[in-house]
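So you can see what is in the structure, the chains are spelled out below.
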Amino acid sequence: AQSVSQHNHHVILSEAASLELGCNYSYGGTVNLFWYVQYPGQHLQLLLKYFSGDPLVKGIKGFEAEFIKSKFSFNLRKPSVQWSDTAEYFCAVNAGGSNYQLIWGAGTKLIIKP
Amino acid sequence: GAGVSQSPSNKVTEKGKDVELRCDPISGHTALYWYRQSLGQGLEFLIYFQGNSAPDKSGLPSDRFSAERTGGSVSTLTIQRTQQEDSAVYLCASSSTREQPQHFGDGTRLSIL
């Protein structure tokens, strides 16, 4: 069965630190990849997505993610975090083509200390 | 409204009662999804509607769970004879097509006493 693994359940950083959140998936075929974010008290929203093309994807608020097919990874990065980045981050994958079901990671709670 | 709307936002009920959760998707979105998120877990797929096609119910955890979507728009998720393990946040999402990113509502937090 397909699965998505997010390695860190909780991450605490100081402002201006660099961020990398890991995401690995288990599926050998074509995939669509997503990062969603949930800020405190708000609903889930799309941060960035990868369907095809350049494996380095830019998202909102200075986030980016790199799809490395050989490693089955889609790690999320930001060079300098801000207090407002405090949120929960979810990686999700679907097996491309006509498969619409998203398989979700368990999420990473990110806390940025001011 | 502009986004996905869910009601109620919170529901507390006694074990054994039936509950109905409502989702109003973004206008024009043909795809609608229900998920369940338990504490410390990722989202668990429950059911998917696409236009007038038969829904994909493969994620429903038991026959106490059912959902319908009337007129291709509003959807209702019904849980009969609720159990304590049904306590979770129930999220609804919609997308313009099934390949496009999903837009989420704020969820319904269900607590079974």
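What you see is a predicted model; the values in this text were computed from it and never measured.

J.: When you look at the overall build of chain B in this model, what are you seeing that I'm missing?
T.: The secondary structure content of chain B amounts to 0 helices and 10 strands. Across chain B, helices and strands are ordered from the amino to the carboxyl terminus as β-β-β-β-β-β-β-β-β-β. Projecting the C-alpha coordinates of chain B onto the three principal axes gives extents of approximately 35 × 25 × 25 Å. The buried share among the 113 residues of chain B stands at 48%. Excluding contacts between residues fewer than 6 apart, the proportion of contacts in chain B whose partners are at least 24 apart in sequence is 55%. Element-wise, carbon and sulfur atoms account for 43% of the exposed surface of chain B, whose accessible area totals about 5500 Å². Considering chain B, the positive charge centre built from 11 side chains and the negative charge centre built from 12 side chains are found 2 Å apart.

J.: Help me understand the packing of aromatic side chains in this model?
T.: The description of two aromatic rings rests on the distance between their centres and on the angle between their planes. Evaluation of the coordinates by the stated rule reveals 14 aromatic pairs over all chains. An angle of 80 degrees between the planes, with centres 5.8 Å apart, marks the rings of A:Trp104 and B:Tyr35 as edge-to-face. Here B:Tyr35 lies in strand β4 (residues 31-37) and A:Trp104 lies in strand β11 (residues 103-104), a pairing that spans two chains. B:Tyr35 shares its class with A:Trp104; the two are buried. Considering the side-chain rings of B:Tyr35 and B:Phe104, the 5.8 Å spacing of their centres and the 35 degrees angle between planes classify their relative orientation as tilted. In this pair, B:Tyr35 sits in strand β4 while B:Phe104 sits in strand β9 (residues 103-104), placing the two residues 69 residues apart along the sequence. Of the residues examined, B:Tyr35 reaches a relative accessible area of 0% and is grouped as buried. The buried category is assigned to B:Phe104, whose relative accessible area is 3%. Members of the aromatic cluster, joined through ring pairs, are A:Phe34, A:Tyr36, A:Phe51, A:Phe90, A:Trp104, B:Tyr33, B:Tyr35, B:Phe45, B:Tyr48 and B:Phe104.

J.: In this structure, what is going on with the side chain of B:Thr78? I would like to understand it.
T.: Residues and elements named next belong to chain B. Here Thr-78 lies in strand β7 (residues 75-79). Judged by its relative accessible area of 18%, Thr-78 falls in the buried class. Other than its neighbours up to four places away in sequence, Thr-78 contacts Val-19, Glu-20, Arg-64, Phe-65 and Ser-66.

J.: Help me understand the environment of B:Asp56, please; the structure alone is not making it clear to me.
T.: Residues and elements named next belong to chain B. Examined against the element boundaries, Asp-56 turns out to sit in the loop between β5 (43-50) and β6 (65-69). By relative accessible area, which is 17% here, Asp-56 ends up buried. Each C-alpha atom of the pair Asp-56 and Tyr-33 lies 9.5 Å from the other, and the pair is 23 residues apart in sequence. Looking at Asp-56, its side chain comes within polar contact range of the side chain of Ser-58, at 2.7 Å.

About the thresholds
- Residues numbered from 1 in each chain as written.
- Chains lettered and ligands numbered in written order.
- Predicted model: local features only at pLDDT ≥ 70, side-chain atom pairs only at ≥ 80, totals over all residues.
- Heavy atoms only, no water.
- Helix = DSSP H or I, 4+ residues; strand = E, 2+ residues; numbered from the N terminus.
- Buried < 20%, exposed > 50% of the residue type's maximum accessible area, 1.4 Å probe, protein only.
- Contact = heavy atoms within 4.5 Å.
- Areas by Shrake-Rupley, 256 points an atom, 1.4 Å probe, with all protein chains shown as cover.
- Lys, Arg positive; Asp, Glu negative; His and termini not counted.
- Charge placed at Lys NZ, Arg CZ, Asp CG, Glu CD.
- Phe/Tyr/Trp six-rings, centres within 6.5 Å; stacked < 30°, edge-to-face > 60°.
- Polar contact = N/O pair within 3.5 Å; in protein donor to acceptor, adjacent residues only side chain to side chain.

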